[in-house]
Amino acid sequence: MTSVHLLHSGYARSGDFAGVGSSVVLVRDGDALIVADPGMVARRSLILDPLAALDVAPEAVTHVFLSHHHPDHTINIALFPNAEVVDFWARYRDDQWLDHEGEGYRPSPRSQIWLTPGHTAEDASLIVEANDAVYALTHLWWHSDRTPDVDPLADDQTAIERGRARVLAAADIVIPGHGEAFRVRG
């Protein structure tokens, strides 16, 4: 059984209600429990309470996936003390830096990393072949309305467009870096 659960729908707001929060996701894939992008949220309970509702203790999480290394996607990694942290080019456990092959690396049987630079040169997306759909957990989009079309912080907008085309060709559902999931097809 492989499933994807949006724990916290991210946001990036300005004005009177300014703030930024990452979309935080739980992937269940066999024995693997992967939390993606446990970054900035208004309160840690916004991550921990949905996990508890799914009967997952922070200590049980096996992996933390990082789409990139901005603080708004990484600041709460320590909530998961037993997890191996996985990014675009390596795995980290305790004091060990363990390289992996990057593109195509599988943290679990039905998930894999795609290198999707653009927002930063080190961006990656987690593609999950869940029982109900193929999901892309990615920062190629900020929000569920697929905006901004141009990433205001882009390292390489052309690379973002290439990554978006690749994801749209493969995914049924996209969970963007700062928003609700949106359906591509299905």
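What counts, and at which threshold
- Residues numbered from 1 in each chain as written.
- Predicted model: local features only at pLDDT ≥ 70, side-chain atom pairs only at ≥ 80, totals over all residues.
- Heavy atoms only, no water.
- Core = buried A, V, L, I, M, F, W, Y, C linked by side-chain atoms within 4.5 Å.
- Buried < 20%, exposed > 50% of the residue type's maximum accessible area, 1.4 Å probe, protein only.
- Helix = DSSP H or I, 4+ residues; strand = E, 2+ residues; numbered from the N terminus.
- Contact = heavy atoms within 4.5 Å.
- Pairing = 2+ DSSP bridges.
- 1 Å grid on protein atoms, 1.4 Å probe; cavity = no way out; pocket = protein on both sides within 12 Å on 5 of 7 lines; lining within 4 Å.
- Points joined across faces, edges and corners; volume = space filled by probe spheres on them.
- Nonpolar A, V, L, I, M, F, W, Y, C, P; charged D, E, K, R; others polar.
- Phe/Tyr/Trp six-rings, centres within 6.5 Å; stacked < 30°, edge-to-face > 60°.
- Lys NZ or Arg CZ within 6 Å of the ring centre and 35° of its normal.
- Axes fitted to C-alpha atoms, helices over the stretch in contact; angles between N-to-C directions.

1. Focus on the nonpolar core
Among the nonpolar cores identified, the biggest contains 20 residues, and Val4, Val27, Leu126, Val128, Tyr135 and Leu137 are the most heavily contacted of them. Counting only elements with at least two residues in this core, the list comes to strand S4 (24-29), strand S5 (32-36), strand S11 (124-129), strand S12 (134-137) and strand S13 (173-175). Setting aside residues up to four positions removed in sequence, Val27 forms contacts with Ser3, Val4, Ala32, Leu33, Ile34, Leu126, Val128 and Leu137. Judged by nonpolar contacts, the second largest core, of 16 residues, contains Leu7, Leu66, Ala83 and Val85.

2. Description of the pairing of strand S9 (residues 96-99)
The sheet contact formed by strand S8 (residues 90-93) and S9 spans four bridges and is antiparallel. Within the sheet, the bridge partner assigned to Tyr92 lies in S9 and is Trp97. What sits between S8 and S9 in their antiparallel hairpin is a turn of two residues, with Asp94 showing a positive phi close to 55 degrees.

3. Side note on empty space enclosed by the protein
All told, the structure shown has one cavity of 30 Å³ or more when counted by the stated rule. Together, Ser23, Val25, Ala36, Asp37, Leu137, Thr138, Ile175, Pro176 and Gly177 line the largest cavity. Partitioning the lining of the largest cavity into residue classes produces five nonpolar, three polar and one charged.

4. Details of the packing of aromatic side chains
All chains considered together, the criterion is met by four aromatic pairs. Ring centres 5.1 Å apart and planes at 5 degrees place the aromatic pair Phe88 and Trp89 in the stacked group. Given a relative accessible area of 42%, Trp89 falls into the partly exposed group. Each ring, one from Trp89 and one from Trp97, has its centre 5.7 Å from the other, and the planes form 65 degrees; the classification is edge-to-face. Ring pairing ties together the aromatic residues Phe88, Trp89, Tyr92 and Trp97, which thus form one cluster. Across from the ring centre of Tyr11, 3.9 Å away, lies the NZ or CZ of Arg13, which sits over that ring. Positioned over the ring face of Trp114 is Arg166, at 3.9 Å from the centre of the ring.

5. As for the sheet that holds S11
Note on sheets: strands pair through backbone hydrogen bonds, and any given pair is parallel or antiparallel. Ordered by their spatial adjacency, five strands build an open sheet running S10-S11-S12-S13-S14, and the pairing between neighbours is mixed. Strands at the two margins of the open sheet, each flanked by one partner only, are strand S10 (111-115) and strand S14 (182-183). Note: S13 against S14, two bridges, orientation antiparallel. Along S14, the bridge assignment pairs Val174 with Phe182. Packing against the sheet, helix H3 (residues 157-170) makes contact with S10, S12 and S13, and its axis sits at approximately 155 degrees to S10.

Scope: geometric values only; no functional claims are made or implied.
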